Amino acid sequence: MDLGKDQMLEMYRAMTRIRLFEARVRDLATANEIPGFVHVSIGEEASATGVCAALRPTDRITSTHRGHGHLIAKGGRLDRMMAEIFGKRTGYCKGKGGSMHIVDFALGILGANGIVGGGLPIATGSALAAVVAQRDEVTACFFGDGASNEGTFHESLNLAAVWKLPVVYVCENNGYGEFTPMRTVTSVTDIAVRAQGYGIPGHVIDGNDVLEVYRCASEAIARARAGEGPTLIECKTYRWEGHVVGEQAFLGKASYRSEQEVAEWKTRCPLIRFEKFAAESGKIGVAELEKIRVETAAELEAAVKFARDSPLPDPAEVTDDVFSG
Ligand SMILES: Cc1ncc(C[n+]2csc(CCOP(=O)(O)OP(=O)(O)O)c2C)c(N)n1
Ligand SMILES: [Mg+2]
């Protein structure tokens, strides 16, 4: 792996953008300033960042209901994302999609997706399209541990393996599907072993270590680009926040995970981990990281202002760009 200093700083910038953006979205949703359900990926920034850093701008991704991090890591603009989440006309989908449907084809972002497992066949089709059109493009497909129990996961891996499609399947295993612990509904401990059933490589990695994610994704992407077919990467990670912002309204007093478990995972924060690595490497100064945090905070403030100041969609356009009903 040949990672330059600038590239490492860009990874830190991506993780910082995700962290600050999502903390703000969480707070705005809690204050009822934005409509609809929002799912944040705080604590999981390294998997989105490490994979997208290894992709080219022309490569593509599919995402999930917990998609802000993937979209930001692939280059999504904070202002247009925030406007979309606010339901404003200046948003990525003119305010009609919201948090779970943000798309930017120009950046290779084929969409967040409210349907669990929905991104898997889209990514597989995207990879097939690249082969048919002879475009040198790889598609990375993000999905959760819960999604790996959907039929789409198995159908997609099988077809991609048979046709040696240029796709990398990235399972972000955060141990839960909504309020259900993975171990109670999943036949294996490591999702990656399922790759064997389709004759493709499967890797279990520390999903909170952005450099490890980058290394593993780079190899899988190179393999895909060389026509050798798909890889399954399982990133072990954890979401610090609830499944959905405001989940207490559903749960009441019930809880599905211990405070101790959450606290333990917080000690494995992907950003702090990178900051420690930066200090130990001696190549990246504390001031350089601080500069990125300050710049990102300013970018975020501007994004929130942009979203607040933007107009709502015109009611006359309510059926424009709507493909089903
Ligand atoms: C097909 C489908 N089934 C169920 C749901 C309801 N649902 C939304 S998120 C979720 C859990 C998904 O878990 P996982 O794939 O592990 O992703 P995570 O939320 O942990 O990131 C479920 C069951 C849905 N949106 N779509
Ligand atoms: Mg999960």
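The preceding data block contains the structure.
Residues numbered from 1 in each chain as written. Chains lettered and ligands numbered in written order. Predicted model: local features only at pLDDT ≥ 70, side-chain atom pairs only at ≥ 80, totals over all residues.

J.: Explain the overall build of the chain here, please?
T.: When you go through the chain residue by residue, the secondary structure sums to 11 helices and seven strands. A globule of 325 residues ought to have a C-alpha radius of gyration of about 20 Å, and the chain, at 19 Å, matches this closely. A principal-axis box enclosing the C-alpha atoms of the chain has dimensions of 55 × 50 × 45 Å. Considering the chain as a whole, with its 325 residues, one finds that 46% of them fall into the buried category. Considering only contacts within the chain whose residues lie at least 6 apart along the sequence, 77% involve residues at least 24 apart. (Helix = DSSP H or I, 4+ residues; strand = E, 2+ residues; numbered from the N terminus. Rg over C-alpha atoms; globule rule 2.2 N^0.38 Å. Buried ≥ 20, exposed ≤ 12 C-beta atoms within 10 Å, placed from the backbone. Contact = placed C-beta atoms within 7 Å.)

J.: How should I be thinking about the sheet that holds strand E1 (residues 60-62) in this particular structure?
T.: One key point about sheets: their strands pair by backbone hydrogen bonds, in either a parallel or an antiparallel sense. Taken in spatial order, the five strands line up as E1-E2-E3-E7-E6 in an open sheet, and their pairing is parallel. The open sheet has two edge strands with one neighbour each: E1 and strand E6 (202-206). For this sheet, the mean inter-axis angle between neighbouring strands, taken without regard to orientation, is 20 degrees. Across the sheet, helix H7 (residues 210-225) lies against strand E3 (167-173), E6 and strand E7 (231-236), angled at about 170 degrees from E7, the strand it touches most. (Pairing = 2+ DSSP bridges. Axes fitted to C-alpha atoms, helices over the stretch in contact; angles between N-to-C directions.)

J.: Any chance you could explain the site of ligand 1 here in plain terms?
T.: Near ligand 1 you find 15 residues, and of these Val116, Gly144, Gly146, Ala147 and Gly177 are the closest. Residue composition of the shell around ligand 1, by class: four nonpolar, eight polar and three charged. (Near = placed C-beta within 6 Å. Nonpolar A, V, L, I, M, F, W, Y, C, P; charged D, E, K, R; others polar.)

J.: Could you clarify how one ought to interpret the packing of helix H5 (residues 119-132) against helix H6 (residues 151-162) in this entry?
T.: Two numbers describe a pair of packed helices, the interaxial angle and the distance between the axes. Where H5 meets H6, the closest approach of the two axes is 8 Å, and the angle between their N-to-C directions is 15 degrees. One way to sum up the angle between H5 and H6 is to call them roughly parallel. For the element pair H5 and H6, the recorded crossing hand is left-handed. For the pair H5 and H6, contact is made by Leu120, Pro121, Thr124 and Ala127 and by Thr152, Phe153, Glu155, Ser156, Leu159 and Ala160, respectively. Residues that form the contact of H5 with H6 fall into these classes: six nonpolar, three polar and one charged. (Parallel < 35°, antiparallel > 145°, perpendicular 65-115°, else oblique. Left-handed = near helix turned anticlockwise from the far one by under 90°.)

J.: In this structure, what is going on with helix H11 (residues 286-309)? I would like to understand it.
T.: Since there are 3.6 residues in each turn of an α-helix, residues three or four apart along the chain are aligned in direction. Between the first and last C-alpha of H11 there are 35 Å, a value that for 24 residues agrees with the 34 Å anticipated at 1.5 Å per step. Contacts made by the buried residues of H11 are with helix H1 (5-30) and helix H4 (78-85). (Expected span 1.5 Å × (residues − 1).)

J.: Looking at this model, I keep getting lost on the nonpolar core. Mind explaining?
T.: Most often, soluble globular proteins have nonpolar side chains that are buried together. Counting 79 residues, the largest nonpolar core has Cys141, Val167, Val168, Val170 and Ala217 as the members making the most contacts within it. No other element matches H1, which puts 10 residues into this core. Beyond its immediate sequence surroundings of up to four residues, cysteine 141 is in contact with Thr62, Gly119, Leu120, Ala123, Val167, Val168, Tyr169 and Val170. (Core = buried A, V, L, I, M, F, W, Y, C linked by C-beta atoms within 7 Å.)

J.: Is there a simple way to think about the packing of H1 against H11 in this case?
T.: Here H1 crosses H11 at 40 degrees, and the two axes come no closer than 9 Å. Of the possible angle classes, the one that applies to H1 and H11 is oblique. Read as a crossing pair, H1 and H11 show a hand that is right-handed. Counting all contacts with H1, which are made through Leu9, Tyr12, Arg13, Thr16, Arg17, Leu20, Phe21 and Arg24, the residues of H11 involved are Glu288, Leu289, Ile292, Arg293, Thr296, Ala297, Leu300 and Val304.

J.: Please explain the environment of methionine 8 as it appears in this structure.
T.: Among the structural elements, methionine 8 can be located in helix H1. Along the sequence, methionine 8 and alanine 278 sit 270 residues apart, while their C-alpha atoms lie 9.0 Å from each other. Discounting chain neighbours no more than four positions away, the residues touching methionine 8 are Leu3 and Ile284.

J.: What is the right way to look at unusual backbone geometry in this model?
T.: Positive phi, normally seen in glycine, also occurs at asparagine 32, with a value near 60 degrees. On the secondary structure map, asparagine 32 appears in the loop between H1 and helix H2 (45-54). In this structure, aspartate 321 takes a positive phi of about 65 degrees despite not being glycine. By the secondary structure assignment, aspartate 321 is in the segment after H11.

J.: Please clarify how the pairing of strand E2 (residues 139-144) should be interpreted in this entry.
T.: For a regular strand, the rule is simple: side chains alternate between the two faces of the sheet. Taken across its six residues, E2 has six buried, putting it largely inside the fold. Here E1 pairs with E2 via three bridges, running parallel. Residue pairing in the sheet places threonine 62 in a bridge with cysteine 141 of E2. When E2 meets E3, the two strands line up parallel, connected through six bridges. In the sheet register, cysteine 141 faces E3, and the bridge partner there is tyrosine 169.

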